[in-house]
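Descriptive analysis of the structure
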Amino acid sequence: MSTDPFVVVGADAAGLSAASKCRRAAPDREVIVFEKGQWISYAYCGMPYFIEGRVDRMADLLSLLPAEADERGIDLRRGHEVTGVDPEAKTVRVESDDETFDQPYSDLLVATGGRATTGSFDVRGVDGAFTLHSMDAAAAIDAYIADPDEYDFGRVDDTPVDRERVAYNAELAAPETAAIVGGGYVGVEMAEALVGRGLEVHLFQRSEHVLRPFGEAVGERVETELADKGVTVHTETPVDALVGDDRIEAVAFDGAELAVDLAVVGVGIEPNTELLAETGVDLGTGGALRTDDYGRTNLDDVYAAGDCATARHTVTGEETWLPLGLTANRAGRAIGSTVAGEPTPVGDIAGTAVVKAFDQECGRVGLVSEAEATAAGFDPVSATITAGSRSGYYPGAAETDVTLVADRETERLLGGSIVGPDRAAVRIDTLSTALDAGMTVGEVERLDLAYAPPFSPVWDPILVAAKVLNGQLDD
Ligand SMILES: Cc1cc2nc3c(=O)[nH]c(=O)nc-3n(C[C@H](O)[C@H](O)[C@H](O)COP(=O)(O)OP(=O)(O)OC[C@H]3O[C@@H](n4cnc5c(N)ncnc54)[C@H](O)[C@@H]3O)c2cc1C
């Protein structure tokens, strides 16, 4: 047995990025990855598009197959759950169907991700009620929506899907009316997916607007878009209960009940940290594993990355927990380099996120509202503008809303959001870059952004917003 194994727990974005990078950088290093399930390297982000039917085969959502992990020299053990860590002995307790054993590690990465929270709702054992935080759940929802005699098992071929669960759901009567509980990005993407599958869709959001982390201007535009596309949006309407014992029958809210035969609960996630419960590990924001600039926890040689780990916020410099795909891949890759002998910081995060709501593209980064900026200790000033996405005379030009938030004293840009139907989402990357560089609003206004009629007006919407906000700072 190797004397310095790098042991990884979890075989998705963070875990396999780390394992692959370590093997490439240090080909002689033994790398063992334990994955409790059968799926590896899958794209959760593609699940709504699979359910919608835009992606034909679930296998297309897999980026690295077990055989390819093997070719990379990764010792991948599926069906192996890590149930405990002994930081003194530097071992992990591993349980599989066949055996339980203690695996020594030299370095350990915990990349266990998160799980869907359901609040007071219990979807277990209730046909037609789901959360969407596993490939098996996505396959089950897809099968449930299909007419019993029309479901195509070819959709899930060449995957380790739970075929029994799929077959069970495929046999149930197809739903006609759906309730989505939670108007976050998963809820909004699922609304589009279910409308695409021909269902009548109701979306329930507890607060004033959907897509809360994207700010008010985005939320308002998306609500209009959802309504235009046939979704009934219930804002400021918390769902009190799911009704139905064996099969979902209704959702209860505001003293009323709405009959539904499909419910998708998307109210949030929480980090998977139980395997370190007895170790004295520090937990931080959101109950995630507290990590430093290199992804290290407070336990010697124990790292954490992805949805189970904290990170540092680009703008506030404070600890944060914003579980997103690139954050997981990037931190995993950095830790893979570090344990291979090249110390690499995981990098700060600004919560850069994009989402599509039918024909509207939305983006957000940093602190997107004055309230958020005030809470972080800034003296904020903000502006929301509407500008064209291309030269007005060029076909396809569309109204784009941009909100920018800055600090009055330093004039530093703190964050922003964007919404519009014409390539709005990708424009958020300009703001993300500006935040990373710590730019002032004046510096953003003077950026040399590209212009040609089919792509942008002379003044890109980001520049228009910076110009307006800069004017306010001068007042
Ligand atoms: C519906 C949906 C849509 C999304 N869309 C986007 C998007 O558009 N953009 C974006 O940036 N992000 C998106 N995300 C978030 C993104 O998928 C996650 O941030 C990313 O998957 C996190 O990767 P991870 O490796 O940290 O964790 P995970 O992907 O959760 O992987 C963790 C792995 O660890 C395994 N594991 C857990 N505990 C143990 C244990 N004790 N022993 C062994 N194995 C264990 C799990 O089985 C799992 O395979 C989406 C998520 C969902 C659910």
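The preceding data block contains the structure.
First things first, this report covers the structure right here in the doc. In this text, all values refer to a predicted model and were calculated from it rather than measured experimentally.

Check the secondary structure of the protein and you find twelve helices and 25 strands. Taken along the three principal axes of its C-alpha coordinates, the protein extends 65 × 55 × 40 Å. Out of the 475 residues belonging to the protein, those deemed buried represent 49%.

Another point: the site of the ligand. Lining the immediate surroundings of the ligand are 33 residues, of which Gly10, Asp12, Gly113, Gly306 and Gly325 lie closest. Every element with two or more residues in the shell around the ligand is listed here: α1 (13–25), β2 (31–35), α2 (47–52), β4 (81–86) and α8 (325–339). Along the lines of polarity and charge, the residues of the shell around the ligand split into 18 nonpolar, ten polar and five charged. The residue makeup of the shell around the ligand includes at least three contributed by each of domain 1 (6–37 + 79–113 + 270–339) and domain 2 (129–267).

So, on to the packing of α1 against α8. Contact pair α1 / α8: the axes reach a minimum separation of 7 Å and the direction vectors enclose 30°. In terms of orientation, α1 and α8 fall into the roughly parallel class. Crossing of α1 over α8 shows right-handed handedness. In this structure, α1 contributes Ala13, Ala14, Gly15, Ser17, Ala18, Ala19, Ser20, Lys21, Cys22 and Ala25 to the contact, and α8 contributes Gly325, Ala328, Asn329, Ala331, Gly332, Arg333, Ile335, Gly336, Ser337 and Val339. Class assignment for the residues of the contact of α1 with α8 results in ten nonpolar, eight polar and two charged.

Here we take up the sheet that holds strand β13 (residues 239–243). Taken together, the three strands give an open sheet; going across it, the order is β13-β14-β15, and neighbouring strands pair in antiparallel fashion. This sheet does not close on itself; its edge strands, each paired only once, are β13 and β15 (256–259). If you compare each strand with its neighbour and ignore which way they point, the axes differ by 25° on average. One ladder, built from four bridges, connects β13 with strand β14 (residues 250–253); its direction is antiparallel. Bridge pairing in β14 places Val243 opposite Ala250.

Our next topic: unusual backbone geometry. Here Ser41, not a glycine, exhibits a phi torsion of approximately 45°, which is positive. The residue Glu411 is not glycine, and still its phi comes out positive at about 65°. Tracing the backbone shows Glu411 in the loop between β24 (399–407) and β25 (413–420). Judged by C-beta crowding, with 17 C-beta atoms within 10 Å, Glu411 ranks as partly exposed.

Tracing the chain through its elements places Gly438 in the loop between α10 (428–436) and α11 (441–445). Residue Gly438 is classed as exposed on the basis of its C-beta count, with 12 C-beta atoms lying within 10 Å.

Further remarks concern the sheet that holds strand β7 (residues 107–110). To summarise the sheet geometry, strands pair through backbone hydrogen bonds and adopt either a parallel or an antiparallel arrangement. Read from one edge of the open sheet, five strands run β3-β2-β1-β7-β18, paired in parallel fashion. Both edges of this open sheet fall to β3 (74–78) and β18 (302–304), since each of them pairs with a single strand only. Strand-to-strand twist in this sheet, taken as the mean axis angle between neighbours without regard to direction, amounts to 20°. In the sheet, strand β1 (residues 6–9) pairs with β7 via four bridges, with the strands oriented parallel. Residue pairing in the sheet places Val7 in a bridge with Leu108 of β7. Each of β1, β2, β3 and β7 is contacted by α1, which is oriented at about 165° to β2, the strand it contacts most.

For the rest of this paragraph, the subject is α8. Over its 15 residues, α8 extends 21 Å from the first C-alpha to the last, a length consistent with the 21 Å expected when each residue adds 1.5 Å. Summarising burial for α8: eleven of the 15 residues are buried, a large majority. Every buried residue belonging to α8 is among Thr327, Ala328, Arg330, Ala331, Gly332, Arg333, Ala334, Ile335, Gly336, Thr338 and Val339, and all of these are buried. Two residues or fewer past α8, Gly341 is found with a positive phi of approximately 110°.

A few words now on the nonpolar core. In terms of nonpolar packing, the biggest core is built from 143 residues, with Val110, Ala263 and Ala305 touching the most fellow members. Considering each element in turn, this core owes the most residues, eight residues, to helix α4 (residues 135–145). Ignoring anything within four residues of it in the chain, the contact list for Ala263 reads Gly128, Ala129, Ala179, Val181, Leu242, Ile248 and Val251.

In an α-helix, one full turn covers 3.6 residues, which means residues spaced three or four apart are oriented alike. Turning to α10, its buried residues are Ile428, Thr430, Leu431, Ser432, Ala434 and Leu435. Summarising the contacts, the buried residues of α10 are in contact with β21 (353–357), β22 (360–366), β25, α11 and α12 (461–474).

Before going further, it helps to examine the pairing of β25. Most of β25 sits inside the fold, with eight of its eight residues counted as buried. With six bridges connecting them, β22 and β25 associate as antiparallel partners. By the bridge assignment for β25, Gly363 is matched with Ile418. Both β24 and β25 contribute to a ladder of six bridges, which runs antiparallel. Across the sheet, the residue bridging to Val405 is Gly415, located in β25.

What counts and how
Residues numbered from 1 in each chain as written. Predicted model: local features only at pLDDT ≥ 70, side-chain atom pairs only at ≥ 80, totals over all residues. Helix = DSSP H or I, 4+ residues; strand = E, 2+ residues; numbered from the N terminus. Buried ≥ 20, exposed ≤ 12 C-beta atoms within 10 Å, placed from the backbone. Near = placed C-beta within 6 Å. Nonpolar A, V, L, I, M, F, W, Y, C, P; charged D, E, K, R; others polar. Domains from an automatic or database assignment. Axes fitted to C-alpha atoms, helices over the stretch in contact; angles between N-to-C directions. Parallel < 35°, antiparallel > 145°, perpendicular 65-115°, else oblique. Left-handed = near helix turned anticlockwise from the far one by under 90°. Contact = placed C-beta atoms within 7 Å. Pairing = 2+ DSSP bridges. Expected span 1.5 Å × (residues − 1). Core = buried A, V, L, I, M, F, W, Y, C linked by C-beta atoms within 7 Å.

These figures come from the coordinates and say nothing about function on their own.
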